[in-house]
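# Survey of secondary and tertiary structure
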Amino acid sequence: GRQRFIADYLAEDVLAQQEREVRDFLLRTAGLERLCGALCDFVLGVEAGYGQRMLERLERANLLLSALDAERVWYRYHRLFAEFLRHEARRRLPRQSSTEIQRRAALWHLDHDFSEMAFEQAMAAEDLALVSQVVERYFVEKLHAGEYRLLRRWLDAIPPAWNEANPMFTLARAGVCLHTGAIDACFQCVEKVEQALSSPQNPEERQQLARSTAVRCFIACYKGDLTEAERYAKEALRTLQEEDHTFRADTYQALGDAYRRYGYWEEAEACYREVLSFTLAPTFHQMAPHVYGALAD
């Protein structure tokens, strides 16, 4: 908007000169940070192959589109052109249409395991349920991988009202605090979750409350309080859903580490062997090397 001569050029000499089909494709894909044929097909709801043909057509026409790989699978609009197209899309397309495109883009990225783009598109669509799904699926895995900066960026982007609507976000923040040594802040997050869920109304709320108990176990293990760790571990393992493989495995691993630190070898070994039974946990490949090393010790 500050460089009107560029916007005027893009509007009059680029966009206005295109056929209606091309203009429609450009405006409806403007919100995508990067594009591939399959993604375009899904968000536009068209037959397979259409998106790839259009991307190749835009590249041949030099429409400010660049290939990101030698195979010409992924593309990106020039930054200024993308900014211009998004502005035009907000002006020309119904808000409901733009939001649905972003929501479908988030679903596609989630289905293809592109976590960062899934989160960004879900946030752009202002879809609380979808953002919750992305965070729920990835936050423990990224904690284990040490991607604390990314998780903080995600959690800071979430509106305060959403934190109240879904305590899972606060629980995720507790995990970041714990893994970065901010134990007091972690404890405050857990208390906030437990206050919000003092009277759980459904299985999802009971599950988040059970997870907060597991985090209390992690805190006790971090502090070396084995009595508290055992108490919270027993309660967490009793209340966590059977299919919550990640939190159940993490509880056993934290307890195993605490036992090992103080020389309770048999108890530690029993916990570590429990961890190795959770092969379905998404973080198993991250936990297993540590556990095998601990067992060897």
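To keep things clear, this report deals only with the structure shown in the data block. Bear in mind that the values here come from a model prediction, so they are computed numbers and not experimental data. (Residues numbered from 1 in each chain as written. Predicted model: local features only at pLDDT ≥ 70, side-chain atom pairs only at ≥ 80, totals over all residues. Heavy atoms only, no water.)

## A short note on the overall build of the protein
Put simply, the rule reads: Only runs of H or I of at least four residues qualify as helices and only runs of E of at least two qualify as strands under DSSP, and these elements are numbered from the N terminus. As a reference, a globule follows 2.2 Å times the number of residues to the power 0.38, and the radius of gyration itself is taken over C-alpha atoms. Accessible area is worked out with a 1.4 Å probe on protein chains only. A residue is then buried under 20% of its type maximum, exposed over 50%, and partly exposed in between. By the convention used here, residues are in contact when the closest approach between their heavy atoms is within 4.5 Å. Under the counting rule used here, the positive set is Lys and Arg, the negative set is Asp and Glu, and His together with the chain ends is not counted. Where a charge lies is defined by one atom per residue type: Lys uses NZ, Arg uses CZ, Asp uses CG and Glu uses CD.
Regarding its fold elements, the protein presents 17 helices and 2 strands. Since a compact globule built from 297 residues should have a radius of gyration of about 19 Å, the 24 Å found for the protein marks it as more spread out than a globular shape. Considering only C-alpha atoms, the protein reaches an extent of 75 × 40 × 35 Å along its principal axes. In the protein, which comprises 297 residues, the proportion classed as buried is 46%. Considering only residue pairs separated by 6 or more positions, the protein has 56% of its internal contacts joining residues 24 or more positions apart. Side-chain charges of the protein comprise 37 positive and 46 negative groups, with the mean position of each set lying 5 Å from the other.

## Focus: the packing of aromatic side chains
The line we're drawing: Two rings from Phe, Tyr or Trp (for Trp, the six-membered ring) form a pair when their centres are within 6.5 Å of each other. A pair whose planes differ by under 30 degrees is stacked, one over 60 is edge-to-face, and the rest are tilted. We count a charge as sitting over a ring when the NZ of a lysine or the CZ of an arginine lies within 6 Å of the ring centre and within 35 degrees of the ring normal.
Scanning the entire structure with this criterion turns up 11 aromatic pairs. With centroids separated by 5.8 Å and ring planes inclined at 90 degrees, the aromatic side chains of W74 and F114 adopt a geometry described as edge-to-face. Of this pair, W74 sits in the loop between β1 (65–67) and β2 (75–77) while F114 sits in the loop between α6 (95–111) and α7 (115–124), and the two are 40 residues apart along the sequence. You can call W74 buried: its relative accessible area is 13%. The exposure class of F114 is partly exposed, given its relative accessible area of 28%. With centroids separated by 4.6 Å and ring planes inclined at 10 degrees, the aromatic side chains of F119 and W154 adopt a geometry described as stacked. With a gap of 35 residues between them, F119 in helix α7 and W154 in helix α9 (residues 148–157) connect regions that are remote in the sequence. W154 shares its class with F119; the two are buried. Ring-pair connections join several aromatic residues into one group, and the members of that group are W74, W108 and F114. The residue whose ring lies beneath R34 is F114, and the NZ or CZ to ring-centre distance is 5.0 Å. Over the ring of Y232 we find R231, and its NZ or CZ is 4.5 Å from the ring centre.

## Concerning the environment of L39
Along the chain, L39 falls in helix α3 (residues 37–44). With 147 residues separating them along the chain, L39 and C186 place their C-alpha atoms 38 Å apart. L39 has contacts with L32, R34, W74, A105, W108 and H109, leaving out every residue within four places of it along the chain.

## Brief notes about the pattern of salt bridges
Applied cut-off: What makes a salt bridge here is a side-chain nitrogen of Lys or Arg within 4 Å of a carboxyl oxygen of Asp or Glu, nothing more.
The final tally for this structure, using the stated rule, is 20 salt bridges. For the salt bridge of E33 with R76, the shortest nitrogen-to-oxygen distance reads 3.9 Å. On the criterion of sequence distance, the pair formed by E33 in the loop between α2 (20–28) and α3 and R76 in strand β2 is long-range, its members being 43 residues apart. Using a relative accessible area of 35% as the deciding quantity, one classes R76 as partly exposed. When the shortest N-O distance is used, the salt bridge between E100 and R103 registers 3.0 Å.

## Regarding the nonpolar core
Let me state the cut-off plainly: As used in this record, nonpolar core signifies buried Ala, Val, Leu, Ile, Met, Phe, Trp, Tyr and Cys residues forming a set joined through side-chain atoms within 4.5 Å.
Grouped together as the largest cluster of nonpolar side chains are 68 residues, with contacts concentrated most on V131, V135 and F139. If we ignore the near neighbours within four places in the chain, the residues touching V131 are F119, A122, M123, I158, W162 and F169. Core analysis: the next-biggest nonpolar cluster, separate from the first, contains 30 residues, A30, L35, C40 and F81 among them.

## Some details on the packing of helix α16 (residues 265–275) against helix α17 (residues 284–296)
For clarity, the cut-off: Helix axes are fitted to C-alpha atoms over the stretch in contact, other axes to C-alpha atoms as well, and angles between N-to-C directions run from 0 to 180 degrees. Angles below 35 degrees are treated as roughly parallel, those above 145 as roughly antiparallel, those between 65 and 115 as roughly perpendicular, and all remaining angles as oblique. Rotating anticlockwise by less than a right angle from the far helix to the near helix defines a left-handed crossing, while the corresponding clockwise rotation defines a right-handed one.
Closest axis-to-axis distance for the α16/α17 pair is 10 Å, and the angle between their directions is 155 degrees. The angle between the axes of α16 and α17 places the two elements in the roughly antiparallel class. Classified by chirality, the crossing of α17 by α16 is left-handed. Listed contacts from α17 to E269, Y272, R273 and V275 of α16 are F284, M287, H290, V291, A294 and L295.

## What to know about the packing of helix α11 (residues 168–179) against helix α13 (residues 203–223)
The following threshold applies: Think of it as three bins: nonpolar holds Ala, Val, Leu, Ile, Met, Phe, Trp, Tyr, Cys and Pro, charged holds Asp, Glu, Lys and Arg, and polar takes everything else, Gly as well.
Relative to each other, α11 and α13 sit at 10 degrees, their axes nearing to 11 Å. Looking at the two axes, α11 sits roughly parallel to α13. Crossing hand, α11 versus α13: left-handed. Taken together, the residues of α13 that come into contact with α11 (itself represented by M168, L171 and L178) are Q208, R211, S212, V215, F218 and I219. Residues of the contact of α11 with α13, tallied by class, amount to 6 nonpolar, 2 polar and 1 charged.

## Regarding the environment of M54
Mapped onto the elements, M54 comes out in helix α4 (residues 50–60). On the basis of relative accessibility, which here comes to 3%, the residue M54 falls in the buried class. For the pair M54 and L171, spaced 117 residues apart in the sequence, the C-alpha separation amounts to 43 Å. Setting aside residues no more than four positions away along its own chain, M54 makes contact with E21, V22 and F25.

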